[in-house]
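# Structural overview
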Amino acid sequence: MVDVTFRRFSDDEFPAWIAVQHRAYAEERVRAGDDRATAERIAAESYTELFPGGLPAAGHDVLHVEAAGRAVGVMWLGPHPRGNEGVWWVWDVEIDEPYRGRGYGRAAMLLAERYVAERGGRELALNVFGFNERARRLYESLGFGVTAVQMSKPVRPDA
């Protein structure tokens, strides 16, 4: 297994990262079924709320995932979106493309479990878009279980 560590973002790293993440989140929402306007609105509202003044809201930790002294991705951990006591949320985890499929995501998730436990958390939860089969397989292999399933089906007027 690969060995990873976390390193906190510096304040000056947030503007560029937030801009990229905002766009990526909106695109994921479109891919998951939102219309473009809704996806953009939700992404804008989310990043305004979660990064007031361009920095993470209280309790949110945005961390570089590093291996052998080089950044291989990002982990964003924070409070559960509905405020569930003792439950931390994986708001985002992204391993950079050249490092995917090499064990860094698994190592980052295991380190996240320790990180949360060391800070008094009792559970780690997350949302994964249904189309992200690779991530779903990883989370299931790590012991995450399904807590809710959203489903949709296009309809035709002549159906």
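A brief structural summary. (Residues numbered from 1 in each chain as written. Predicted model: local features only at pLDDT ≥ 70, side-chain atom pairs only at ≥ 80, totals over all residues. Heavy atoms only, no water.)

## Here we look at the overall build of the chain
The helix and strand inventory of the chain stands at four helices and five strands. Written out in order from the N terminus, the α and β elements of the chain read β-α-α-β-β-β-α-β-α. For 159 residues, the compact-globule formula gives about 15 Å, and the C-alpha radius of gyration of the chain, at 16 Å, lands near that figure. Dimensions of the chain along its principal axes, counting C-alpha atoms only, are 60 × 35 × 35 Å. Relative to its full complement of 159 residues, the chain shows a buried share of 37%. Here the analysis covers contacts within the chain between residues at least 6 apart in sequence; of these, 55% occur between residues at least 24 apart. When the accessible area of the chain is evaluated, it comes to approximately 10000 Å², of which 50% is carbon and sulfur surface. Of the side chains in the chain, 20 bear a positive and 24 a negative charge, and the two mean positions are spaced by 5 Å. (Helix = DSSP H or I, 4+ residues; strand = E, 2+ residues; numbered from the N terminus. Rg over C-alpha atoms; globule rule 2.2 N^0.38 Å. Buried < 20%, exposed > 50% of the residue type's maximum accessible area, 1.4 Å probe, protein only. Contact = heavy atoms within 4.5 Å. Areas by Shrake-Rupley, 256 points an atom, 1.4 Å probe, with all protein chains shown as cover. Lys, Arg positive; Asp, Glu negative; His and termini not counted. Charge placed at Lys NZ, Arg CZ, Asp CG, Glu CD.)

## Here's the deal with the sheet that holds strand β4 (residues 87–95)
Reading across from one edge, β1-β2-β3-β4-β5 is the order of the five strands in this open sheet, with mixed pairing throughout. Each end of this open sheet is capped by a strand with a single partner; those strands are β1 (5–8) and β5 (123–126). In this sheet, neighbouring strand axes are inclined to one another by 40° on average, regardless of whether the strands run parallel or antiparallel. Contacting β1, β2 (61–67), β3 (70–79), β4 and β5, helix α3 (residues 104–118) runs over the sheet at an angle of about 40° to β3. (Pairing = 2+ DSSP bridges. Axes fitted to C-alpha atoms, helices over the stretch in contact; angles between N-to-C directions.)

## Considerations on the pairing of β2
For β2, the buried fraction is high: seven of the seven residues fall into the buried class. Where burial is concerned, the two faces of β2 agree: the one with Asp61, Leu63, Val65 and Ala67 and the one with Val62, His64 and Glu66 are both buried. Note that β1 and β2 share four bridges and pair antiparallel. Bridging from a neighbouring strand, Phe6 pairs with Val65 of β2.

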